[in-house]
Amino acid sequence: SGSVSYNAVHDRITTAEPTPERDAVSGLPFVDYVNVPRLAVWSAQLGVNHRRRVAGGTLSGMLQYAFTHEQTPTGSTLTPYMPSRPHSATARLAYDRRYSPDYAVGMQLSGRFLSSLSGTEYNTVTGASRTLRYPAYVILRLTLTQQIGSAVRLQLTADNLLNYRPHIYYYNAPLTDGLNLSVGMTLHLDRLLRRSLSFLPSAHWLPRLLLPPCAVQLLKKHLGPKNKGRNGILSEKCCKFAVNTLS
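Residues numbered from 1 in each chain as written. Predicted model: local features only at pLDDT ≥ 70, side-chain atom pairs only at ≥ 80, totals over all residues. Heavy atoms only, no water.

> Account for the overall build of the protein, with residues named and values stated.
For the protein, the helix and strand inventory stands at four helices and ten strands. If you list the helices and strands of the protein from N to C, you get β-β-β-β-β-β-β-β-β-β-α-α-α-α. Every one of the 247 residues in the protein was classed for burial, and the buried ones make up 28%. Only carbon and sulfur atoms are counted for the fraction: they give 59% of the accessible area of the protein, which is about 17,100 Å². (Helix = DSSP H or I, 4+ residues; strand = E, 2+ residues; numbered from the N terminus. Buried < 20%, exposed > 50% of the residue type's maximum accessible area, 1.4 Å probe, protein only. Areas by Shrake-Rupley, 256 points an atom, 1.4 Å probe, with all protein chains shown as cover.)

> Hey, could you go over the pairing of strand β8 (residues 137–148) for me, with residue numbers and the actual values?
Note that strand β5 (residues 103–114) and β8 share twelve bridges and pair antiparallel. Looking at β8, one finds that Phe113 is bridged to Val138. Pairing analysis gives eight bridges linking β8 to strand β9 (residues 152–159), with the strands arranged antiparallel. When the bridges of β9 are listed, Gln146 appears paired with Leu154. (Pairing = 2+ DSSP bridges.)

> Just give me the short version of the confidence of the model for the protein, but keep the residues and values in it.
Looking at the protein, pLDDT values average 78 and 71% of them are 70 or higher. Overall, residues 202–210 carries pLDDT values under 50, and its contacts beyond four positions in sequence, including any with other chains, amount to nine contacts. Low pLDDT, under 50, characterises residues 227–247; the predicted model gives this stretch 29 contacts beyond four residues in sequence or across chains. (pLDDT = per-residue confidence, 0-100. Contact = heavy atoms within 4.5 Å.)

> Give me the layout of surface pockets: which residues, what numbers.
In this structure, the second largest pocket occupies an estimated 180 Å³ of space. Lining the second largest pocket are Ser110, Gly111, Arg112, Ile139, Leu140, Arg141, Asp159, Asn160, Pro174, Leu175, Thr176 and Asn180. Class assignment for the residues of the lining of the second largest pocket results in four nonpolar, five polar and three charged. (1 Å grid on protein atoms, 1.4 Å probe; cavity = no way out; pocket = protein on both sides within 12 Å on 5 of 7 lines; lining within 4 Å. Points joined across faces, edges and corners; volume = space filled by probe spheres on them. Nonpolar A, V, L, I, M, F, W, Y, C, P; charged D, E, K, R; others polar.)

> Outline the pattern of salt bridges, supporting the account with residue identities and numerical values.
Considering all chains together, one arrives at one salt bridge under this definition. The salt bridge involving Arg141 is made with Asp159; its shortest N-O contact spans 3.3 Å. Here Arg141, found in strand β8, pairs with Asp159, found in strand β9; they are 18 residues apart in sequence, far enough to count as distant. Overall, the relative accessible area of 23% leaves Asp159 in the partly exposed class. (Salt bridge = Lys/Arg side-chain N within 4 Å of Asp/Glu carboxyl O.)

> Mind laying out the sheet that holds strand β1 (residues 2–15), listing which residues take part and the relevant values?
What the eight strands build is an open sheet, ordered β1-β2-β3-β4-β5-β8-β9-β10; its pairing is antiparallel. If you trace the sheet from one side to the other, it starts and ends with β1 and β10 (180–187), each paired once. Across the sheet, the mean angle separating the axes of adjacent strands is 15° when strand polarity is ignored. Taken together, the eight bridges between β9 and β10 define a ladder with antiparallel strand orientation. Residue pairing across strands places Gln155 opposite Gly184, the latter belonging to β10. (Axes fitted to C-alpha atoms, helices over the stretch in contact; angles between N-to-C directions.)

> Tell me about a nonpolar patch on the surface, and please be specific about residues and values.
On the surface, a cluster of nonpolar side chains totalling about 680 Å² of accessible area is made up of Leu93, Leu109, Phe113, Val138, Leu161, Leu162, Leu179 and Leu181. In this fold, Leu93 is placed in strand β4 (residues 87–100). Residue Leu93 is classed as partly exposed on the basis of its relative accessible area of 47%. (Patch = residues over 30% accessible without salt bridge, like charges linked within 9 Å, V, L, I, M, F, W, Y side chains within 5 Å.)

> Describe in detail unusual backbone geometry, supporting the description with residues and values.
Its identity as a non-glycine residue notwithstanding, Asn160 has a phi of 60°, on the positive side. Mapped onto the elements of the fold, Asn160 is located in the loop between β9 and β10. Residue class for Asn160 comes out buried when judged on its relative accessible area of 2%. In this structure, Asn163 takes a positive phi of about 55° despite not being glycine. With respect to the helices, strands and loops of the structure, Asn163 is situated in the loop between β9 and β10.

The following block contains the structure:
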C-alpha cells in the first residue's frame, strides 16, 4: 500500500535564532517566537506486508517507508533546533508456532531506520549557534516469547541489539545508552481462576447436592418434565424453588 499527502500551513508558530539581548539574572539570551507565513509539507508512505506458513508455524513480515519534506520561503526560520528527518523506515520479521494447545513460542525482530540531517545547535554557555549534522542510525529489537497454557506468558527482550550510542544527545538523537535486556512475565489471573474452577462440580449437580434423593423424585413428579434440565437434572429455577420450600 502507498499514499502521498500535501499539507499547507499558514502562520505556524516556531522559534527564531537567539537574540543579542540577554537576561540580567541568568545571562542567557532571549529566544523569540515567530510565525512562519507559509509552510508546505510533502510526505509519501509505502508499506508492504506478507504472511505465510513455514515449518508448521507462521512467518510474517512488514516494511514501511516514509519520506517527509518541509518547504518554507527563503529566509524563514522553521524550528531550527528540531527539523524533521527526511527518510525513515520501520520493519518487522516474526515467526510464531504452536506445538500444542497449551504451549506456543514466538520470535520477533523489529527495527527502525532514520536518515541523517543537519540542524542548528545552540550552546547555552557560549551563546553561540552552529550547524550540526546528525548521523543516520538503526535501532533493532529482538523479542522471544513463550505461551504456557492460556494464563502464563514469558518474554525476553533485547532492545538496541546493535548497541548503538549517539555521540551527541540532542533533540534528534535517540534516547538510548546502549543494549538493554529485560525479562517479563504476564499472568492472566482471570484465565487461571477460570481453569481452576472448571474442576469443581458443575452447576447441574447442585440440586442433587442440596436435596435428598426422595425430595428430587418428588419434585420431578409434581413439576413435570418441562422443569427438567439436561440428563433429567432439575433446572436452576426448580432448584431455587426446592431450596426455598424445604429450608
